[in-house]
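Descriptive analysis of the structure
Single-letter residue listing:
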Amino acid sequence: MLNRYIGNKKSILEPIISQVKEKLPNGGRVCDAFSGSLAVSFELKKEGYEVSTNDINLFSHFYGKHLIEQCSLPEIELASFNIDNVDKHINQAQLILDRGISGAEDYSFLRNKKNSHRFQKLLTVYLYLNNLMDGKPKGNSYFFDTYTEEGKNSHFESQRGTIGRRKFFTPSNGRRLDLVMNQIRKWNKDGVLEDGYFKYTLVCSVIDALEKVSNTQGTYHDFPRDKYDSRAHIPLMLYPPNFDGIISKKKKHIIGRCEDSIEFVSKIPSQDLLYLDPPYNFRQYTSYYFLPNVLCEYIDMDDLKIYFDNVQFVRGQNMTNDFNSSFSKKNEFIKSLYNLVKNCDTKNVLMSYFDGRNHWNNTADGTDVEGKEVLLKFFNSELFIAGTCDLIPFDRLNYQSYGGHKAKFIKEFLFSGVKK
Ligand SMILES: C[S@@+](CC[C@H](N)C(=O)[O-])C[C@H]1O[C@@H](n2cnc3c(N)ncnc32)[C@H](O)[C@@H]1O
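Thresholds applied
Residues numbered from 1 in each chain as written. Predicted model: local features only at pLDDT ≥ 70, side-chain atom pairs only at ≥ 80, totals over all residues. Heavy atoms only, no water. Axes fitted to C-alpha atoms, helices over the stretch in contact; angles between N-to-C directions. Helix = DSSP H or I, 4+ residues; strand = E, 2+ residues; numbered from the N terminus. Parallel < 35°, antiparallel > 145°, perpendicular 65-115°, else oblique. Left-handed = near helix turned anticlockwise from the far one by under 90°. Contact = heavy atoms within 4.5 Å. Nonpolar A, V, L, I, M, F, W, Y, C, P; charged D, E, K, R; others polar. Buried < 20%, exposed > 50% of the residue type's maximum accessible area, 1.4 Å probe, protein only. Core = buried A, V, L, I, M, F, W, Y, C linked by side-chain atoms within 4.5 Å. Near = heavy atom within 4 Å. Polar contact = N/O pair within 3.5 Å; in protein donor to acceptor, adjacent residues only side chain to side chain. Areas by Shrake-Rupley, 256 points an atom, 1.4 Å probe, with all protein chains shown as cover. Disulfide = S-S within 2.5 Å.

1. Quick notes on the packing of helix H1 (residues 13–23) against helix H2 (residues 39–46)
The geometry of H1 relative to H2 is characterised by a closest axis approach of 11 Å and an angle of 50° between their N-to-C directions. In terms of axis orientation, H1 runs oblique to H2. The element H1 and its partner H2 pack so that their crossing is right-handed. Taken together, the residues of H2 that come into contact with H1 (itself represented by Leu13, Ile16, Ile17 and Val20) are Ala39, Val40, Glu43 and Leu44. Looking at the contact of H1 with H2 residue by residue, the classes come out as seven nonpolar, no polar and one charged.

And the structure:
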């Protein structure tokens, strides 16, 4: 799961889930209409809820398939992967399992013999891919060429006239990324990943791994122009995911794919609760996180050359995968929220709210009145049963340090209401 995703709710899952439990103590259907990193949806799944997820970012669809819809360990046929020196990797995988992950507190799924056997095969694939990345460059080199300073297509000129070369990764990690993505693309095109969820699991593992070695401050909108963050020098390595929480009783989860949630909610069956965590700022997430989306697209793309020849801006995004969300525009926010809630057949609505820097609702004097008042008015509108609006405040420790300031407690809120 992405840990550096802006606005992710990982650190405040407890108050969100406890509100959901208060409203739905006996389980039920919950829609996470701005699912992002899937932090909230995954917790809901672990708590036994039937989840519908959607986000405008393609990578969120991939995590939805991997974390939510997938409910057992993929059973793969190793022979079809055509792995060189497969026995060496199988033995290494067994050695790793014997040495210890099985005893670890998390990874408890490995105590089950069938799971352990399946996981050994997955681990074999991951070991092979890590080994492949240590080898000589071969095949397509689009990630190296487009996103590293030594690449032949990484030149940029900013709107202010600054020129330079993209530095999202070190050249060495750019080559490693090409090697691993070319192999996954080949397996995908050859039909090896056709059945089940392994394709999603593999790509999500690459996105997780890339986040750890990217030369960024969290988003892929830009990169430090003249230096590398220390994390960027760590070699890209894949780790198989922990399947605790993923393995569960199969439910009718629904995973949307890059739809505007205003449309998505009108197509799903009736919900017991609609959870909303929209953007409150100008940031268009598909621009800030385009690279994870490119990894998802890469394995299926028809013409790589056309795609990478047509990247734009300093960051190098092909704008075919861009989406302009009305929720990121101050003047359209409330109208969009109204349409979304109106379109959804749900009983309860629960909405996260945070008055952060750069947010449209942030008042110049920092008194945080404007946004809350606008939303209070919304939750008291004709869409809701009168008297059901509630505003729940709680504290969050903010680790973001600006100019040397230490972590401090800031206020988060949850709005809730019962729909008419
Ligand atoms: C604050 S983030 C949600 C974070 C998420 N709750 C998490 O824990 O990771 C807002 C999300 O809304 C998505 N988004 C923005 N406009 C959207 C729209 N019209 N339809 C669907 N998703 C949208 C963005 O891509 C982003 O992932």
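Structure shown, so let's carry the discussion forward.
2. Examining the environment of serine 52
Along the chain, serine 52 falls in strand S2 (residues 50–53). Among the residues examined, serine 52 registers a relative accessible area of 2% and is labelled buried. Setting aside residues up to four positions removed in sequence, serine 52 forms contacts with Val30, Cys31, Asp32, Ile254, Phe264, Ile268 and Gln271.

3. Overview of the nonpolar core
Phe143, Leu177, Met181 and Phe308 are the most contacted members of the largest nonpolar core, which has 91 residues in total. If we ignore the near neighbours within four places in the chain, the residues touching phenylalanine 308 are Tyr142, Phe143, Thr146, Tyr147, Asn153, Val294, Tyr298 and Met301. Grouped together as the second largest cluster of nonpolar side chains are 26 residues, Val341, Cys344, Tyr353 and Phe378 included.

4. A look at the site of the ligand
With respect to spatial proximity, 21 residues lie near the ligand, and among them Tyr5, Ser37, Asp55, Asp277 and Ser325 are the closest. Separating a nitrogen atom of the ligand from a backbone N or O atom of isoleucine 56 is a distance of 3.2 Å. Calculation on the ligand without its partners gives an accessible area of 610 Å², and the protein chains cover 98% of this total. Its residues assigned to classes, the shell around the ligand shows eight nonpolar, eight polar and five charged.

5. Concerning the state of the cysteines
This structure, assessed with the given rule, holds zero disulfides. Distance from the sulfur of cysteine 71, which forms no disulfide, to the nearest cysteine sulfur (cysteine 204) is 15 Å. Owing to a relative accessible area of 7%, cysteine 71 belongs among the buried residues under this scheme. In this structure cysteine 204 is not part of a disulfide, and its nearest cysteine sulfur, from cysteine 296, lies 6.5 Å away.

6. Description of the packing of helix H4 (residues 86–99) against helix H5 (residues 113–133)
Where H4 contacts H5, the axes come no closer than 8 Å and their chain directions differ by 120°. By the criterion of interaxial angle, the relationship of H4 to H5 is oblique. Crossing of H4 against H5: the hand is right-handed. Mapping the contact onto sequence places Val86, Lys88, His89, Ile90, Gln92, Ala93, Gln94, Ile96 and Leu97 in H4 and Ser116, Phe119, Gln120, Leu123, Thr124, Leu127, Tyr128 and Asn131 in H5. The class makeup of the residues in the contact of H4 with H5 is nine nonpolar, seven polar and one charged.

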